[in-house]
Amino acid sequence: MGAPRQIKIGILTAPHIEYELRARTFVLKRVRIGIGFHWDRREDQEFQGALSIRNNADGTQTAINTIDLEDYLCSVISSEMNADSPMELLKAHAVISRSWAMLAMQHPNHEGYDVCADDHCQRYEGIRRMNERAVEAVRATAGQVLTNEQMVNGKMVNLICDTRYHKCCGGRTEIWSTCWEDIDVPYIRSVECPYCNPSYINKSLVDGTSLLRTCLNDYDRETEDFHDWQVTYTADELAQIIRAKSGIDFGEIIDLVPLHRGPSGRIDSLRIVGTRHTETIGKELKIRLWLSPTCLYSSWFDVKKTFAPSSIRPLTFTFNGHGWGHGAGLCQIGAAVMAAEGHSYEEILHYYYANTRLGVAAQ
Ligand SMILES: [Zn+2]
Ligand SMILES: [Zn+2]
(Lines give C-alpha, C1' and ligand atoms only; values in the text may rest on other atoms or scores of the structure.)
(Ligands and ions follow the chains in the order given, each with its own letter.)
Protein backbone atom coordinates (compact mmCIF):
# COMPACT_ATOMS: atom_id res chain seq x y z
CA MET A 1 0.00 0.00 0.00
CA GLY A 2 1.24 3.49 -0.80
CA ALA A 3 0.47 6.72 1.03
CA PRO A 4 -3.22 7.37 1.73
CA ARG A 5 -5.00 9.19 -1.05
CA GLN A 6 -5.95 12.78 -0.29
CA ILE A 7 -9.03 14.32 -1.81
CA LYS A 8 -9.66 18.08 -2.23
CA ILE A 9 -13.22 19.22 -1.66
CA GLY A 10 -14.51 22.69 -2.55
CA ILE A 11 -17.07 23.24 0.20
CA LEU A 12 -18.30 26.79 -0.12
CA THR A 13 -17.84 29.83 -2.34
CA ALA A 14 -18.92 33.18 -0.85
CA PRO A 15 -17.93 36.85 -0.89
CA HIS A 16 -16.14 36.19 2.39
CA ILE A 17 -15.63 32.78 4.06
CA GLU A 18 -16.43 32.83 7.76
CA TYR A 19 -14.68 30.11 9.72
CA GLU A 20 -13.51 29.17 13.17
CA LEU A 21 -10.42 27.04 13.83
CA ARG A 22 -10.69 24.51 16.66
CA ALA A 23 -8.10 22.12 18.15
CA ARG A 24 -8.56 19.32 15.58
CA THR A 25 -11.35 20.64 13.39
CA PHE A 26 -12.66 23.79 11.77
CA VAL A 27 -16.18 25.17 11.47
CA LEU A 28 -17.51 26.82 8.34
CA LYS A 29 -20.46 29.17 8.85
CA ARG A 30 -23.60 29.23 6.78
CA VAL A 31 -22.68 26.49 4.27
CA ARG A 32 -25.33 26.16 1.56
CA ILE A 33 -26.65 22.61 0.92
CA GLY A 34 -29.18 21.22 -1.58
CA ILE A 35 -28.21 24.04 -3.94
CA GLY A 36 -31.08 24.70 -6.39
CA PHE A 37 -33.13 21.76 -5.10
CA HIS A 38 -36.26 21.83 -2.98
CA TRP A 39 -34.35 21.37 0.31
CA ASP A 40 -31.89 24.26 -0.37
CA ARG A 41 -30.74 25.78 2.99
CA ARG A 42 -27.75 26.93 5.04
CA GLU A 43 -26.11 25.43 8.13
CA ASP A 44 -22.83 25.60 10.06
CA GLN A 45 -20.63 22.56 9.45
CA GLU A 46 -17.53 21.16 11.19
CA PHE A 47 -14.70 19.40 9.32
CA GLN A 48 -11.52 17.43 9.86
CA GLY A 49 -8.40 17.74 7.69
CA ALA A 50 -6.82 20.89 6.29
CA LEU A 51 -8.59 24.12 5.31
CA SER A 52 -7.34 26.49 2.65
CA ILE A 53 -9.09 29.60 1.40
CA ARG A 54 -8.71 30.43 -2.26
CA ASN A 55 -9.22 34.00 -3.51
CA ASN A 56 -11.07 33.82 -6.83
CA ALA A 57 -10.66 36.22 -9.76
CA ASP A 58 -14.25 37.50 -9.31
CA GLY A 59 -13.52 38.65 -5.74
CA THR A 60 -15.21 35.68 -4.03
CA GLN A 61 -13.48 33.11 -1.83
CA THR A 62 -13.66 29.31 -1.85
CA ALA A 63 -13.11 27.11 1.22
CA ILE A 64 -11.19 23.98 0.18
CA ASN A 65 -10.75 21.00 2.49
CA THR A 66 -7.97 18.45 1.93
CA ILE A 67 -8.53 15.14 3.69
CA ASP A 68 -7.77 11.42 3.46
CA LEU A 69 -10.19 9.78 1.02
CA GLU A 70 -11.36 7.21 3.60
CA ASP A 71 -12.14 9.98 6.14
CA TYR A 72 -14.02 11.88 3.41
CA LEU A 73 -16.14 8.76 2.81
CA CYS A 74 -17.17 8.50 6.49
CA SER A 75 -18.74 11.94 6.14
CA VAL A 76 -20.22 11.33 2.67
CA ILE A 77 -22.14 8.22 3.69
CA SER A 78 -23.48 10.05 6.77
CA SER A 79 -24.51 13.02 4.65
CA GLU A 80 -26.10 11.10 1.78
CA MET A 81 -27.93 8.81 4.21
CA ASN A 82 -28.29 8.76 7.99
CA ALA A 83 -25.35 7.15 9.85
CA ASP A 84 -27.94 5.13 11.82
CA SER A 85 -28.99 3.30 8.61
CA PRO A 86 -28.60 -0.51 8.45
CA MET A 87 -24.90 -1.44 8.36
CA GLU A 88 -25.07 -3.22 4.97
CA LEU A 89 -26.52 -0.05 3.40
CA LEU A 90 -23.66 2.01 4.85
CA LYS A 91 -21.14 -0.50 3.48
CA ALA A 92 -22.74 -0.52 0.01
CA HIS A 93 -22.71 3.28 0.08
CA ALA A 94 -19.05 3.39 1.13
CA VAL A 95 -18.14 1.25 -1.91
CA ILE A 96 -20.09 3.34 -4.45
CA SER A 97 -19.05 6.67 -2.94
CA ARG A 98 -15.41 5.51 -3.03
CA SER A 99 -15.70 4.28 -6.65
CA TRP A 100 -17.31 7.52 -7.78
CA ALA A 101 -14.79 9.69 -5.87
CA MET A 102 -11.78 7.83 -7.26
CA LEU A 103 -13.03 8.43 -10.80
CA ALA A 104 -13.69 12.10 -9.94
CA MET A 105 -10.10 12.41 -8.66
CA GLN A 106 -8.87 11.10 -12.03
CA HIS A 107 -11.13 13.49 -13.94
CA PRO A 108 -12.07 16.43 -11.68
CA ASN A 109 -15.36 18.18 -12.41
CA HIS A 110 -14.11 21.39 -10.85
CA GLU A 111 -11.14 23.74 -11.19
CA GLY A 112 -8.81 23.80 -8.19
CA TYR A 113 -10.40 20.87 -6.36
CA ASP A 114 -11.59 17.33 -7.10
CA VAL A 115 -15.22 17.44 -5.99
CA CYS A 116 -17.74 19.86 -4.51
CA ALA A 117 -19.56 19.11 -1.26
CA ASP A 118 -23.14 19.20 -2.54
CA ASP A 119 -25.50 17.05 -4.61
CA HIS A 120 -23.71 18.05 -7.82
CA CYS A 121 -20.94 15.64 -6.74
CA GLN A 122 -21.58 13.86 -3.42
CA ARG A 123 -22.90 15.39 -0.22
CA TYR A 124 -20.08 16.03 2.26
CA GLU A 125 -21.45 17.83 5.28
CA GLY A 126 -18.61 17.47 7.77
CA ILE A 127 -18.49 15.37 10.92
CA ARG A 128 -21.62 16.36 12.85
CA ARG A 129 -23.85 13.73 11.18
CA MET A 130 -21.11 11.05 11.41
CA ASN A 131 -20.91 8.34 14.05
CA GLU A 132 -18.78 5.26 14.78
CA ARG A 133 -21.05 3.07 12.61
CA ALA A 134 -20.16 5.14 9.52
CA VAL A 135 -16.47 4.75 10.38
CA GLU A 136 -16.99 1.00 10.84
CA ALA A 137 -18.67 0.69 7.40
CA VAL A 138 -15.82 2.53 5.68
CA ARG A 139 -13.17 0.45 7.51
CA ALA A 140 -14.98 -2.82 6.78
CA THR A 141 -14.87 -2.04 3.05
CA ALA A 142 -11.46 -0.31 3.07
CA GLY A 143 -10.25 0.36 -0.47
CA GLN A 144 -13.11 -1.62 -2.09
CA VAL A 145 -14.55 -0.36 -5.37
CA LEU A 146 -16.89 -1.74 -8.03
CA THR A 147 -15.19 -2.62 -11.29
CA ASN A 148 -16.40 -3.70 -14.71
CA GLU A 149 -14.38 -5.69 -17.22
CA GLN A 150 -13.90 -3.82 -20.48
CA MET A 151 -11.79 -4.21 -23.58
CA VAL A 152 -9.09 -1.53 -23.77
CA ASN A 153 -6.53 -1.69 -26.62
CA GLY A 154 -7.35 -5.34 -27.26
CA LYS A 155 -6.93 -6.32 -23.59
CA MET A 156 -9.60 -7.03 -21.00
CA VAL A 157 -9.09 -4.75 -17.99
CA ASN A 158 -11.07 -4.01 -14.85
CA LEU A 159 -12.12 -0.35 -14.77
CA ILE A 160 -13.65 1.47 -11.80
CA CYS A 161 -17.39 1.97 -12.33
CA ASP A 162 -19.07 5.36 -12.45
CA THR A 163 -21.49 4.39 -9.69
CA ARG A 164 -24.24 6.99 -9.94
CA TYR A 165 -27.02 6.80 -7.36
CA HIS A 166 -30.19 8.64 -6.42
CA LYS A 167 -32.67 8.93 -3.54
CA CYS A 168 -35.66 6.91 -4.79
CA CYS A 169 -36.16 5.28 -8.19
CA GLY A 170 -39.97 5.20 -7.95
CA GLY A 171 -40.25 1.51 -8.88
CA ARG A 172 -37.75 1.04 -11.70
CA THR A 173 -34.21 2.34 -12.21
CA GLU A 174 -33.10 4.20 -15.33
CA ILE A 175 -30.32 3.75 -17.90
CA TRP A 176 -27.42 6.11 -18.47
CA SER A 177 -28.52 7.64 -21.78
CA THR A 178 -31.81 8.99 -20.38
CA CYS A 179 -29.77 11.24 -18.11
CA TRP A 180 -26.37 11.83 -19.71
CA GLU A 181 -24.45 10.92 -22.88
CA ASP A 182 -25.89 8.61 -25.55
CA ILE A 183 -23.70 5.67 -24.56
CA ASP A 184 -24.40 2.21 -23.24
CA VAL A 185 -22.94 1.84 -19.76
CA PRO A 186 -23.04 -1.92 -19.20
CA TYR A 187 -23.53 -1.75 -15.42
CA ILE A 188 -26.25 0.95 -15.39
CA ARG A 189 -29.25 -1.20 -16.29
CA SER A 190 -32.92 -0.60 -15.69
CA VAL A 191 -34.01 -2.92 -12.88
CA GLU A 192 -37.32 -3.27 -11.13
CA CYS A 193 -37.12 -1.99 -7.55
CA PRO A 194 -40.11 -2.76 -5.36
CA TYR A 195 -38.12 -1.88 -2.23
CA CYS A 196 -38.53 1.92 -2.17
CA ASN A 197 -42.32 1.84 -2.34
CA PRO A 198 -43.79 2.94 1.04
CA SER A 199 -46.52 0.29 0.79
CA TYR A 200 -43.86 -2.42 0.27
CA ILE A 201 -41.76 -1.00 3.13
CA ASN A 202 -44.72 -1.05 5.52
CA LYS A 203 -45.79 -4.54 4.47
CA SER A 204 -42.33 -6.08 4.53
CA LEU A 205 -40.83 -4.54 7.66
CA VAL A 206 -42.23 -4.55 11.16
CA ASP A 207 -41.67 -0.83 11.49
CA GLY A 208 -41.19 0.73 8.07
CA THR A 209 -41.79 4.27 9.34
CA SER A 210 -38.98 4.02 11.82
CA LEU A 211 -36.66 2.58 9.15
CA LEU A 212 -37.21 5.70 7.04
CA ARG A 213 -36.63 7.82 10.13
CA THR A 214 -33.30 6.14 10.84
CA CYS A 215 -32.02 5.97 7.26
CA LEU A 216 -32.78 9.54 6.09
CA ASN A 217 -31.26 12.75 7.42
CA ASP A 218 -33.54 15.43 8.91
CA TYR A 219 -33.85 17.60 5.78
CA ASP A 220 -34.56 14.54 3.56
CA ARG A 221 -37.36 13.37 5.87
CA GLU A 222 -39.31 16.51 4.92
CA THR A 223 -39.83 14.92 1.47
CA GLU A 224 -42.46 12.37 2.39
CA ASP A 225 -43.87 11.89 -1.13
CA PHE A 226 -40.59 10.61 -2.57
CA HIS A 227 -42.13 7.62 -4.38
CA ASP A 228 -45.36 9.07 -5.81
CA TRP A 229 -45.95 12.80 -6.01
CA GLN A 230 -48.19 15.38 -7.55
CA VAL A 231 -47.61 19.02 -8.49
CA THR A 232 -50.27 21.36 -9.90
CA TYR A 233 -49.64 24.75 -11.54
CA THR A 234 -52.06 27.18 -13.10
CA ALA A 235 -51.21 27.83 -16.76
CA ASP A 236 -49.94 31.31 -15.74
CA GLU A 237 -47.67 29.90 -13.06
CA LEU A 238 -46.24 27.33 -15.44
CA ALA A 239 -45.59 29.94 -18.16
CA GLN A 240 -43.85 32.14 -15.59
CA ILE A 241 -41.68 29.29 -14.25
CA ILE A 242 -40.61 28.21 -17.73
CA ARG A 243 -39.85 31.81 -18.71
CA ALA A 244 -37.79 32.39 -15.55
CA LYS A 245 -35.84 29.12 -15.87
CA SER A 246 -35.28 29.12 -19.65
CA GLY A 247 -35.03 32.85 -20.34
CA ILE A 248 -37.44 32.25 -23.25
CA ASP A 249 -40.96 33.68 -23.55
CA PHE A 250 -43.14 30.77 -24.70
CA GLY A 251 -46.30 32.87 -24.38
CA GLU A 252 -49.12 30.83 -22.88
CA ILE A 253 -48.31 27.16 -22.46
CA ILE A 254 -50.67 25.06 -24.58
CA ASP A 255 -49.20 21.61 -24.15
CA LEU A 256 -46.36 19.49 -22.77
CA VAL A 257 -45.74 16.47 -24.99
CA PRO A 258 -43.40 13.66 -23.91
CA LEU A 259 -41.59 12.51 -27.06
CA HIS A 260 -39.40 9.84 -25.53
CA ARG A 261 -39.10 7.99 -22.23
CA GLY A 262 -36.39 5.78 -20.78
CA PRO A 263 -37.24 2.27 -19.56
CA SER A 264 -38.32 3.50 -16.10
CA GLY A 265 -40.74 6.03 -17.62
CA ARG A 266 -38.46 9.05 -17.15
CA ILE A 267 -38.91 11.54 -19.99
CA ASP A 268 -35.69 12.51 -21.76
CA SER A 269 -37.29 14.48 -24.60
CA LEU A 270 -40.22 16.83 -23.98
CA ARG A 271 -41.91 19.24 -26.37
CA ILE A 272 -43.10 22.47 -24.76
CA VAL A 273 -45.79 24.05 -26.91
CA GLY A 274 -46.48 27.75 -26.32
CA THR A 275 -48.48 30.40 -28.15
CA ARG A 276 -45.24 32.26 -29.05
CA HIS A 277 -42.60 29.56 -29.02
CA THR A 278 -42.32 25.78 -29.20
CA GLU A 279 -39.19 23.87 -28.26
CA THR A 280 -38.13 20.29 -27.53
CA ILE A 281 -35.89 19.90 -24.51
CA GLY A 282 -33.93 17.13 -22.74
CA LYS A 283 -32.48 15.30 -21.02
CA GLU A 284 -34.03 14.47 -17.70
CA LEU A 285 -32.34 17.12 -15.52
CA LYS A 286 -33.10 20.00 -17.89
CA ILE A 287 -36.76 18.95 -17.98
CA ARG A 288 -36.86 18.90 -14.16
CA LEU A 289 -35.17 22.31 -13.94
CA TRP A 290 -37.44 24.04 -16.48
CA LEU A 291 -40.69 22.76 -14.96
CA SER A 292 -40.13 23.85 -11.36
CA PRO A 293 -39.03 26.96 -9.44
CA THR A 294 -36.36 24.65 -7.95
CA CYS A 295 -36.16 21.19 -9.58
CA LEU A 296 -38.96 18.68 -10.12
CA TYR A 297 -38.43 15.46 -8.10
CA SER A 298 -37.94 13.48 -11.31
CA SER A 299 -38.81 13.50 -15.03
CA TRP A 300 -41.05 10.42 -14.65
CA PHE A 301 -44.51 11.97 -14.83
CA ASP A 302 -47.75 12.21 -16.75
CA VAL A 303 -49.39 15.57 -17.36
CA LYS A 304 -53.10 16.19 -16.93
CA LYS A 305 -54.66 19.44 -18.09
CA THR A 306 -57.95 21.07 -17.15
CA PHE A 307 -59.79 23.51 -19.40
CA ALA A 308 -62.36 26.24 -18.89
CA PRO A 309 -65.68 25.43 -20.61
CA SER A 310 -65.43 25.75 -24.41
CA SER A 311 -61.77 26.84 -24.29
CA ILE A 312 -58.79 25.10 -25.85
CA ARG A 313 -56.35 26.93 -23.56
CA PRO A 314 -55.47 24.88 -20.48
CA LEU A 315 -56.29 26.33 -17.06
CA THR A 316 -54.08 24.02 -14.98
CA PHE A 317 -51.36 21.44 -15.45
CA THR A 318 -51.03 18.57 -12.98
CA PHE A 319 -47.93 16.40 -12.90
CA ASN A 320 -48.38 12.91 -11.48
CA GLY A 321 -44.87 11.64 -10.91
CA HIS A 322 -42.73 8.87 -9.48
CA GLY A 323 -39.34 8.84 -7.81
CA TRP A 324 -36.83 11.38 -6.57
CA GLY A 325 -33.65 11.85 -8.59
CA HIS A 326 -32.28 10.74 -11.96
CA GLY A 327 -33.00 7.08 -11.27
CA ALA A 328 -29.70 5.65 -12.57
CA GLY A 329 -27.70 3.13 -10.52
CA LEU A 330 -28.43 2.50 -6.85
CA CYS A 331 -31.75 3.58 -5.33
CA GLN A 332 -30.73 4.78 -1.86
CA ILE A 333 -34.06 4.18 -0.14
CA GLY A 334 -34.49 0.83 -1.91
CA ALA A 335 -30.98 -0.21 -0.87
CA ALA A 336 -31.69 0.75 2.76
CA VAL A 337 -34.80 -1.44 2.71
CA MET A 338 -32.87 -4.36 1.15
CA ALA A 339 -30.31 -4.00 3.96
CA ALA A 340 -33.07 -3.96 6.59
CA GLU A 341 -34.47 -7.16 5.04
CA GLY A 342 -31.12 -8.89 5.56
CA HIS A 343 -29.40 -8.57 2.17
CA SER A 344 -25.62 -8.20 2.25
CA TYR A 345 -23.91 -5.16 0.79
CA GLU A 346 -22.52 -7.35 -2.03
CA GLU A 347 -26.07 -8.46 -2.93
CA ILE A 348 -27.30 -4.85 -2.87
CA LEU A 349 -24.45 -3.70 -5.11
CA HIS A 350 -24.93 -6.49 -7.63
CA TYR A 351 -28.67 -5.86 -7.70
CA TYR A 352 -28.34 -2.24 -8.77
CA TYR A 353 -25.07 -2.52 -10.77
CA ALA A 354 -25.12 -5.47 -13.17
CA ASN A 355 -21.92 -7.03 -14.58
CA THR A 356 -19.69 -5.68 -11.82
CA ARG A 357 -17.05 -7.06 -9.49
CA LEU A 358 -16.14 -5.96 -6.02
CA GLY A 359 -12.39 -5.51 -5.68
CA VAL A 360 -9.69 -3.44 -4.02
CA ALA A 361 -8.50 -0.54 -6.15
CA ALA A 362 -4.87 -0.57 -7.22
CA GLN A 363 -2.80 2.28 -5.79
ZN1 LIG B 1 -19.54 19.07 -7.97
ZN1 LIG C 1 -36.17 2.09 -5.80
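The notes below deal with the structure included here. (Residues numbered from 1 in each chain as written. Chains lettered and ligands numbered in written order. Predicted model: local features only at pLDDT ≥ 70, side-chain atom pairs only at ≥ 80, totals over all residues.)

Right, let's talk about the sheet that holds strand β4 (residues 41–47) for a bit. Taken in spatial order, the three strands make up an open sheet running β2-β3-β4, and their pairing is antiparallel. A single partner strand is all that each edge strand has here, and the edge strands are β2 (19–21) and β4. Across the sheet, the axes of successive neighbouring strands diverge by a mean angle of 30°, strand direction being ignored. With six bridges connecting them, strand β3 (residues 26–33) and β4 associate as antiparallel partners. Across the sheet, the residue bridging to Arg32 is Arg42, located in β4. (Pairing = 2+ DSSP bridges. Helix = DSSP H or I, 4+ residues; strand = E, 2+ residues; numbered from the N terminus. Axes fitted to C-alpha atoms, helices over the stretch in contact; angles between N-to-C directions.)

For an α-helix, the turn length of 3.6 residues means that residues three or four places apart are oriented alike. When we look at burial in helix α3 (residues 132–140), the residues that qualify are Ala134, Ala137 and Val138. Buried positions in α3, seen along its axis, are confined to an arc of 95° and lie on one side of it. In α3, the exposed positions that point more than 90 degrees away from the buried face belong to Glu132 and Arg139. At its buried positions, α3 is contacted by α1 (69–80) and α2 (87–106). (Buried ≥ 20, exposed ≤ 12 C-beta atoms within 10 Å, placed from the backbone. Arc of directions from axis to C-beta. Contact = placed C-beta atoms within 7 Å.)

This part takes up the pairing of strand β15 (residues 301–307). Strand residues, when the strand is regular, have side chains that alternate between the two faces of the sheet. Here β15 runs beside strand β16 (residues 314–322); their pairing, made up of seven bridges, is antiparallel. Each residue of the ladder has a partner; that of Lys305, found in β16, is Phe317. From the end of β15 to the start of β16, which pair antiparallel, there are six residues, and Ser310 there has a positive phi angle of about 50°.

As a general point, the strands of a sheet are linked pairwise by backbone hydrogen bonds and lie either parallel or antiparallel. One open sheet accounts for four strands, arranged β5-β6-β1-β7; its pairing is mixed. On the outer flanks of this sheet lie β5 (50–55) and β7 (115–116), each paired with one strand and no other. Taken together, the eight bridges between strand β1 (residues 6–14) and strand β6 (residues 61–68) define a ladder with antiparallel strand orientation. Along β6, the bridge assignment pairs Ala14 with Gln61. Here α1 sits on the sheet and contacts β1 and β6; the angle it forms with β6, its principal contact strand, is near 110°.

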